[in-house]
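Chains, contacts and geometry: an overview
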Amino acid sequence: MTPLANARARYDRATAHLDAPLALVDLDAFDANADDLVRRAAGKPVRVASKSVRCRALLERVLARDGFAGVMSYTLAESLWLARSGVEDVLLAYPSADRDGYAELAADPKLAASVTVMVDDPAQLRLIEEARGPGAEEIRVCLELDTSLLLLGGRVRVGARRSPLHSPADVAELARLVDRRPGFRVMGLMAYEGHVAGVGDDVAGSPLRSRAIRLMQRAARRELAARRDAVVRAVRAVVPELEFVNGGGTGSVQHTVAEPAVTEVAAGSGLFVPRLFDNYTSFTGRPAALFAQPVVRRPGVGVVTVLGGGYPASGVAGPDRSPVPYLPEGLRYDPQEGAGEVQTPLLGPPADDLLIGDKVWFRHAKAGELCERFAALHLVSGDAVVDTVPTYRGEGRTFL
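Residues numbered from 1 in each chain as written. Predicted model: local features only at pLDDT ≥ 70, side-chain atom pairs only at ≥ 80, totals over all residues. Heavy atoms only, no water.

**What about the overall build of the protein?**
As a reminder, the rule being used: Numbering goes from the N terminus for both helices and strands, where a helix is a DSSP run of H or I of at least four residues and a strand is a run of E of at least two. We compute the radius of gyration from the C-alpha atoms alone; for a globule the expected value is 2.2 Å times N to the 0.38, where N is the number of residues. Think of it in three bands: with a 1.4 Å probe and only protein chains considered, a residue is buried below 20% of the maximum accessible area for its type, exposed above 50%, and partly exposed in between. Using a 1.4 Å probe, accessible areas were evaluated by the Shrake-Rupley method; residue-level cover was limited to the displayed protein chains. The convention is simple: Lys and Arg are positive, Asp and Glu are negative, and His and the chain ends are not counted. For this purpose, a charge sits on NZ of Lys, CZ of Arg, CG of Asp or CD of Glu.
Helices and strands together make up the secondary structure of the protein, namely 12 helices and 19 strands. Compactness check: the protein gives a C-alpha radius of gyration of 22 Å against a globular reference of 21 Å for 400 residues, within 12% of the reference. Relative to its 400 residues, the protein shows a buried fraction of 53%. Carbon and sulfur atoms form 52% of the exposed surface of the protein, whose accessible area is close to 17,100 Å². Taken as two groups, the 48 positive and 50 negative side-chain charges of the protein have centres that lie 5 Å from each other.

**Regarding the packing of aromatic side chains**
Keep this limit in mind: Any pair of Phe, Tyr and Trp rings, taking the six-membered ring for Trp, is counted once the centres come within 6.5 Å. Such a pair is stacked with planes under 30 degrees apart, edge-to-face with planes over 60 apart, and tilted for the rest. We call a charge positioned above a ring when the Lys NZ or Arg CZ atom is no farther than 6 Å from the ring centre and deviates by at most 35 degrees from the ring normal.
Tallied over the full model, the rule gives 12 aromatic pairs. A centroid spacing of 5.2 Å and a plane angle of 40 degrees characterise the contact between Tyr-280 and Phe-283, whose relative ring orientation is tilted. For Tyr-280, a relative accessible area of 6% gives the class buried. On the basis of relative accessible area, Phe-283 is assigned to the buried category, the value being 7%. By way of ring pairs, the aromatic residues Tyr-74, Trp-81, Tyr-392 and Phe-399 are connected into one cluster. Lying over the aromatic face of Phe-244, Arg-47 brings its terminal NZ or CZ to 5.4 Å of the ring centre. Taking the ring centre of Phe-184 as reference, the NZ or CZ of Arg-132 above it sits at 5.9 Å.

**Here's the deal with unusual backbone geometry**
Negative phi characterises most residues that are not glycine, and trans characterises most peptide bonds. Geometrically, the link from Ala-20 to Pro-21 is a cis peptide bond, its omega value of 5 degrees lying close to zero. As for its placement among the helices and strands, Pro-21 is situated in the loop between helix 1 (3-14) and strand 1 (22-26). Leu-327 connects to Pro-328 through a cis peptide bond whose omega is 0 degrees. Following the sequence through the fold, Pro-328 ends up in the loop between strand 14 (324-327) and strand 15 (332-333).

**Here's the deal with the sheet that holds strand 10 (residues 244-247)**
Let me state the cut-off plainly: Two strands qualify as a pair provided that DSSP identifies no fewer than 2 bridges between them. Axes, fitted as lines to C-alpha atoms, cover a helix only where it is in contact. Angles between the N-to-C directions of the axes lie from 0 to 180 degrees. Contacts between residues were defined by any pair of non-hydrogen atoms, one from each residue, lying within 4.5 Å.
One closed barrel holds the eight strands; their spatial order is 2-3-4-5-6-9-10-11, and the pairing between them is parallel. The average angle at which neighbouring strand axes cross in this sheet is 30 degrees, direction not considered. Pairing of strand 9 (residues 184-191) with strand 10, which is carried by four bridges, proceeds in the parallel orientation. Considered in strand 10, the bridge of Gly-188 is made with Phe-244. Against the sheet, helix 4 (residues 76-84) engages strand 3 (68-73), strand 4 (90-92) and strand 5 (115-119), with an angle of about 175 degrees to strand 4.

**Thoughts on the environment of Ala-212**
Secondary-structure assignment places Ala-212 in helix 10 (residues 207-238). For Ala-212, a relative accessible area of 45% corresponds to the partly exposed category. Taking the C-alpha atoms as reference points, Ala-212 and Asp-201, 11 residues apart in sequence, are found 8.4 Å from one another.

**Some thoughts on the pairing of strand 6 (residues 139-144)**
Put simply, the test is: Orienting the strands away from the viewer, one traces the path from the first strand over the helix to the second; a clockwise path indicates a right-handed crossover.
Extensive coverage of strand 6 is indicated by the burial of six of its six residues. Burial along strand 6 is two-sided: the residues Ile-139, Val-141 and Leu-143 and Arg-140, Cys-142 and Glu-144 are all buried. Handedness of the β-α-β unit built from strand 5, helix 7 (residues 122-131) and strand 6 comes out right-handed. Looking at chain direction, strand 6 and strand 9 are connected through six bridges and run parallel. Each residue of the ladder has a partner; that of Arg-140, found in strand 9, is Arg-185.

**Side note on the UniProt feature "domain: Alanine racemase N-terminal" (unreviewed entry) in the protein**
The line we're drawing: UniProt positions are given in the numbering used here, feature names are shortened, and annotations may be inferred rather than shown by experiment.
Within the UniProt annotation, "domain: Alanine racemase N-terminal" (unreviewed entry) is assigned to residues 25-224. Annotated as 46% helix and 20% strand, the span residues 25-224 places its first and last C-alpha atoms 35 Å apart.

**Regarding the packing of helix 4 against helix 5 (residues 99-107)**
We count it as follows: Left-handed describes a crossing whose near helix is turned anticlockwise from the far helix by less than a right angle; the clockwise case is right-handed.
Between helix 4 and helix 5, the least distance of the axes is 9 Å, while the angle of their chain directions is 30 degrees. Here helix 4 runs over helix 5; the crossing is left-handed. Counting all contacts with helix 4, which are made through Leu-76, Leu-80 and Arg-84, the residues of helix 5 involved are Gly-101, Tyr-102, Glu-104 and Leu-105.

**Observations concerning a nonpolar patch on the surface**
Where we set the bar: Grouping into patches uses exposed residues only, defined as over 30% relative accessible area, and leaves out salt-bridged ones; the cut-off is 9 Å for like charges and 5 Å for nonpolar side chains (Val, Leu, Ile, Met, Phe, Trp, Tyr). What counts as a salt bridge is simple: a side-chain nitrogen of Lys or Arg found within 4 Å of a carboxyl oxygen of Asp or Glu.
Together, Leu-151, Leu-152 and Val-156 make up an exposed nonpolar region whose accessible area comes to about 240 Å². Owing to a relative accessible area of 32%, Val-156 belongs among the partly exposed residues under this scheme.

**Thoughts on the nonpolar core**
Buried together is how nonpolar side chains tend to be arranged in soluble globular proteins. Rules: Here, nonpolar core refers to any group of buried Ala, Val, Leu, Ile, Met, Phe, Trp, Tyr and Cys residues whose side-chain atoms link them within 4.5 Å.
If you look at the biggest cluster of nonpolar residues, it comprises 89 residues, and the most contacted ones within it are Leu-58, Val-117 and Leu-143. Sorting elements by how many residues they give to this core places helix 2 (residues 27-41) first, with six residues. Once residues within four sequence positions are removed from consideration, Leu-143 is found in contact with Met-118, Val-119, Val-171, Leu-174, Ala-175, Val-178, Val-186, Gly-188, Leu-189 and Met-190. Judged by nonpolar contacts, the second largest core, of 13 residues, contains Ala-14, Leu-22, Leu-290 and Ala-292.

**Observations regarding the pattern of salt bridges**
The final tally for this structure, using the stated rule, is 28 salt bridges. Where Arg-140 meets Glu-243, a salt bridge forms, and the shortest distance between an N and an O atom there is 2.9 Å. A residue pair is termed long-range when its members are at least 10 positions apart, and Arg-140 in strand 6 and Glu-243 in the loop between helix 10 and strand 10 qualify at 103 residues. A relative accessible area of 16% means that Arg-140 is categorised as buried. For Glu-223, the salt bridge identified is with Arg-227, shortest N-O distance 2.7 Å. Placement of the pair is Glu-223 and Arg-227 together in helix 10, with a separation of four residues, close to one helical turn. What makes Glu-223 partly exposed here is its relative accessible area of 26%. By sharing partners, the salt bridges in this structure join Asp-31, Asp-35, Arg-61 and Arg-65 into a single network.

Written out as structure tokens, the structure is:
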């Protein structure tokens, strides 16, 4: 049997008592991926990105491991919930307009000590001030640096449109404004280089594109390393007690930690390793999160139909945002139908060996978004389900 055939047999045995649809996490792969992230971080702490996990039990599991420290959250409501659940260090990675959440944060000493919010615009500070009401707690603030690579005098931009703060002077000026404002304190800096960390550089069947991506990323890393160092020095001149400088992501961990200015890296997708993280030369992970759909029809030779499965990932719409049939090997979508809302035809020779009720295993394109489709994750070790834990959705929490 091939390694994938062995994996399929193991997952089928582990879940033989469970009906699909279901989602599982292979703990052996999950733990191996966590070890690899720590190895690549080379002694600097890894802050786990909750949006890529969306399951408290798994966040707790990874935070209990050496090498991981703190959570990078994605909404203020989630940040407060995690802090109330016992997470003592939560960095909100995105600015928020949640007025009720800010009022709650400013009124609670424990929350205010645990949660750091993201700011890149004075207007966000004004919103927080208006929302905080009588709450007197000091708000911990992180400033975000735009990491985009600007070419041809800024006419060409490579990277996500995030913060408006691009230069050391930009960030230092906002740090100065926050420092002068009662009720706020600058605690950290964040710079997420998504065009390096989140873009695979080994695109299957596209050697020229892969080479172009590697050249772009090499240039982007050089430019950002110099600029990030200058930004940190400029901000420390205003706020000497800066606690942390966060950078990177799963695809750039070993490059980002090489910068002396960076004190910690963020990663989350590298724990589940969804299919968008298959195409990297810098690391190889093990697929840890899968979902299964049951065969419900056999329309003809070489065709089966499974229930549902149309779980597209966010981003620019395209084939790379669809889940991929994974086990058994050799199944593919019908090009006229793709992944369907309530049924999905699958083509290929393995279809003829599948019976009604059998499971077909899929990999999602992005990590934590899979958990928005399932209320529980079945945790598998070896060939047995060792636990079943709720996702955020299973706990009644749908933050976005």
